[in-house]
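Structural features, examined
The lines below spell out each chain.
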Amino acid sequence: MSGDSPAMFGDNSVLIVVDIQNDFCPGGALAVPRGDEVVPIVNRLAAKFRHVVLTQDWHPQGHLSFASSHPGKQPFETITVAYGPQILWPDHCVQTTWGAEFHKSLQIAHAGLIVRKGADRSIDSYSAFYENDRKTQTGLAGYLRERGLTRVFLAGLALDFCVRYSAEDARREDFAVFVIEDACRGIDIGGSIAATHRSFAALGISCLATREFASNNPT
Ligand SMILES: [Zn+2]
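Predicted model, so just to flag it, every value in this text is computed and none were measured.

Looking at the zinc ion, the protein donor atoms are Asp57 (OD), His59 (NE2) and His92 (NE2), and they sit 2.0 to 2.1 Å from it. Ordering the donors of the zinc ion by residue number gives the pattern D-x1-H-x32-H. Of the two residues, Asp57 sits in strand 2 (residues 52–57) while His92 sits in the loop between strand 4 (84–87) and strand 5 (113–117), which places them 35 residues apart along the sequence. With respect to class, Asp57 is no different from His92; both count as buried.

Here it is, written out as structure tokens:
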């Protein structure tokens, strides 16, 4: 493939690849159904972008989002913490474990930045931009602005949590936002996928399909 990007994915566009890690794929601790299917799709997609950022859920042991940290609680229950409601999850993406590693078939060597999130034991972080207290910034918005990246494309896991929150925050930070939906898979807890689509429509977040990219960049 040539090193030139088509205009659509040129110097002002960035692909953010969300949480394609072992624990979010089949066989992992918090598997997104068919999550591994996105890996080859995202590999092909990333090759069309000059600028790529990866995110990596990266929790210490005993993280507040783990049901095991709250005696008597079960995964997928919701509790109230200092910053509001928090869904409890199975232990997942513990720092330096296999589950926290990127899927072995993810091949995006040219990614310029890896954003690790959820590393504070007392705050969960779905979004690549803000932790779940909605105040603590990861620094990603500043990075994108300094690089002149104004168009944010998102793919990865899970559509209705980390991709959704990242897309919403990118929009609030005034980036143009596009979610490449067939390059995502969702968990769907309590209607969360439908809620995600309603939110995207309300915020002006566009959903695209990878075939719309192929037509712009025949290979
Ligand atoms: Zn997590």
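Turning our eyes to something else, we now look at the layout of surface pockets. The calculated volume of the largest pocket comes to roughly 210 Å³. Together, 13 residues line the largest pocket, and Pro85, Gln86, Ile87, Tyr126 and Tyr165 are the ones closest to its centre. When residues of the lining of the largest pocket are traced back to their parent elements, those giving at least two are strand 4 and helix 3 (159–172). It is helix 3 that provides the largest number of residues to the lining of the largest pocket, a total of 4 residues. Residue composition of the lining of the largest pocket, grouped by class: 6 nonpolar, 4 polar and 3 charged.

Bringing empty space enclosed by the protein into the picture now. Tallying each qualifying case throughout the model produces 1 cavity of 30 Å³ or more. Contributing to the lining of the largest cavity are 16 residues, with Phe24, Leu30, Asp57, Tyr126 and Cys162 lying nearest its centre. Across the lining of the largest cavity, the residue classes break down as 10 nonpolar, 3 polar and 3 charged.

Time to look at the nonpolar core. Counting residues in hydrophobic clusters, the biggest one holds 60 residues, and the most contacted among them are Leu15, Ile16, Val42, Phe129, Leu144, Leu154 and Val179. Put simply, the parts of the chain that give this core at least two residues each are strand 1 (13–18), helix 1 (38–46), strand 2, helix 2 (140–146), strand 6 (151–157), helix 3 and strand 7 (176–185). Setting aside residues up to four positions removed in sequence, Val42 forms contacts with Val17, Ile20, Leu106, Ile108, Ala155 and Ala183. Counting residues in hydrophobic clusters, the runner-up holds 5 residues, among them Leu64, Ile79, Val81 and Leu88.

What counts, and where the lines are drawn
- Residues numbered from 1 in each chain as written.
- Predicted model: local features only at pLDDT ≥ 70, side-chain atom pairs only at ≥ 80, totals over all residues.
- Heavy atoms only, no water.
- Donors = N, O, S within 2.8 Å, 3.2 Å for Na, K, Ca; no water.
- Helix = DSSP H or I, 4+ residues; strand = E, 2+ residues; numbered from the N terminus.
- Buried < 20%, exposed > 50% of the residue type's maximum accessible area, 1.4 Å probe, protein only.
- 1 Å grid on protein atoms, 1.4 Å probe; cavity = no way out; pocket = protein on both sides within 12 Å on 5 of 7 lines; lining within 4 Å.
- Points joined across faces, edges and corners; volume = space filled by probe spheres on them.
- Nonpolar A, V, L, I, M, F, W, Y, C, P; charged D, E, K, R; others polar.
- Core = buried A, V, L, I, M, F, W, Y, C linked by side-chain atoms within 4.5 Å.
- Contact = heavy atoms within 4.5 Å.

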